[in-house]
Amino acid sequence: MQPENTIKEYEVGKPFLLGRTALSEEEIIVFAKAFDPLIFHIDREAAKKSMFGGLIASGPHIFQLMHCKFWIPLFGKSVVAGLEVNNWKFLKPVYPNKEVECYLTIRSRKLNSDNKTATITWLYEFRYTGKTELIQSLEMTIMHTL
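So, a few notes on the structure that sits alongside this text. Every value quoted in this text rests on a predicted model; they were computed, and no experiment measured them. (Residues numbered from 1 in each chain as written. Predicted model: local features only at pLDDT ≥ 70, side-chain atom pairs only at ≥ 80, totals over all residues. Heavy atoms only, no water.)

Things to note about the nonpolar core
One broad rule of soluble globular proteins: the nonpolar side chains tend to lie buried together.
Okay, step 1: Judged by nonpolar contacts, the single largest core of 33 residues is most densely connected at F75, W122, Y124 and F126.
Okay, step 2: The set of elements that each furnish at least two residues to this core consists of β1 (16-21), α1 (25-35), α4 (61-75), β3 (100-111), β4 (117-128) and β5 (134-145).
Okay, step 3: Residues contacting F126, with those up to four places away along its chain left out, are I62, F63, M66, V100, E101, C102, E133, L134, I135, Q136 and L138. (Core = buried A, V, L, I, M, F, W, Y, C linked by side-chain atoms within 4.5 Å. Buried < 20%, exposed > 50% of the residue type's maximum accessible area, 1.4 Å probe, protein only. Helix = DSSP H or I, 4+ residues; strand = E, 2+ residues; numbered from the N terminus. Contact = heavy atoms within 4.5 Å.)

Below you can see the structure in the form of structure tokens.
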């Protein structure tokens, strides 16, 4: 487990690598059966005949994994409340066993009137490792203790 960082250590507007991971076929199927049981997420043979040409992850799966695996260990103890998720874009499919990296940027940080908390808007950007084209992005606004 990584040491907990404070929000103050990260500059507004400066992206940093949150982490990298890949989803196995089995992970994709298990997640999709629980949360998004569409045929191209749960059936290998049917997925081959789909427009995707194979099994793909449910849209939220890669975010959920990166958020739990990397973001929460870094920032979870400072969370007061989640406030909103905006502009969630599923631009390209996430295929099994292809490593995805997530870059995180603090879009804005506003000190709240109590001077003990801040409202932070995070930008998540997902790409296949080594590629420049986005496969997914979203903004999430959270209130944190400082």
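Moving on, there is more to tell.
Section: α4
Okay, step 1: Across its 15 residues, α4 extends 20 Å between first and last C-alpha, which sits within 8% of the 21 Å expected from 1.5 Å per residue.
Okay, step 2: The largest bend in α4 is about 40°, located at H67.
Okay, step 3: Of all 15 residues in α4, eleven are buried; the element is thus mostly enclosed.
Okay, step 4: Three or more residues of α4 are buried, namely H61, I62, F63, L65, M66, H67, F70, W71, P73, L74 and F75.
Okay, step 5: For α4, the secondary structure elements touched by its buried residues are β1, α1, β2 (79-90), β3, β4 and β5. (Expected span 1.5 Å × (residues − 1). Bend = angle between axes of the 7 residues up to and from the residue.)

Brief notes about the environment of T121
Okay, step 1: Relative to the elements of secondary structure, T121 occurs in strand β4.
Okay, step 2: Taking relative accessible area as the criterion, T121 reaches 14% and is therefore assigned buried.
Okay, step 3: The sequence separation of T121 and S108 amounts to 13 residues, and the corresponding C-alpha distance is 5.3 Å.
Okay, step 4: Ignoring anything within four residues of it in the chain, the contact list for T121 reads T105, I106, R107, S108, E139, M140 and T141.
Okay, step 5: Only 2.9 Å separates the side chain of T121 from the side chain of T141, close enough to count as a polar contact. (Polar contact = N/O pair within 3.5 Å; in protein donor to acceptor, adjacent residues only side chain to side chain.)

Digging into the state of the cysteines
Okay, step 1: Evaluation of the coordinates by the stated rule reveals zero disulfides.
Okay, step 2: For the unlinked cysteine C68, the closest cysteine sulfur is that of C102, found at 12 Å. (Disulfide = S-S within 2.5 Å.)

Points about the packing of aromatic side chains
Okay, step 1: For the structure on display, the rule yields eleven aromatic pairs.
Okay, step 2: Ring centres of Y10 and F75 lie 5.2 Å apart, and the angle between their planes is 75°; on these two criteria the pair is classed as edge-to-face. One end of the pair, Y10, is in the segment before β1; the other, F75, is in helix α4, with 65 residues separating them in the sequence. Across this residue pair, the class does not change: Y10 and F75 are buried.
Okay, step 3: A ring pair is formed by F75 and W122, whose centres lie 4.8 Å apart and whose planes are at 45°; its orientation type is tilted. (Phe/Tyr/Trp six-rings, centres within 6.5 Å; stacked < 30°, edge-to-face > 60°.)

Some details on the pattern of salt bridges
Okay, step 1: Tallying each qualifying case throughout the model produces six salt bridges.
Okay, step 2: Put simply, K48 and E45 hold a salt bridge, and the shortest N to O gap is 3.2 Å. Placement of the pair is K48 and E45 together in helix α3 (residues 44-48), with a separation of three residues, close to one helical turn.
Okay, step 3: Close ionic contact of E133 with K92 constitutes a salt bridge, the shortest N to O distance being 3.4 Å. Placement of the pair is E133 in the loop between β4 and β5 and K92 in the loop between β2 and β3, with a sequence separation of 41 residues.
Okay, step 4: By sharing partners, the salt bridges in this structure join E25, E26 and R44 into a single network. (Salt bridge = Lys/Arg side-chain N within 4 Å of Asp/Glu carboxyl O.)

All quantities given are derived from atomic positions and should not be read as evidence of function.
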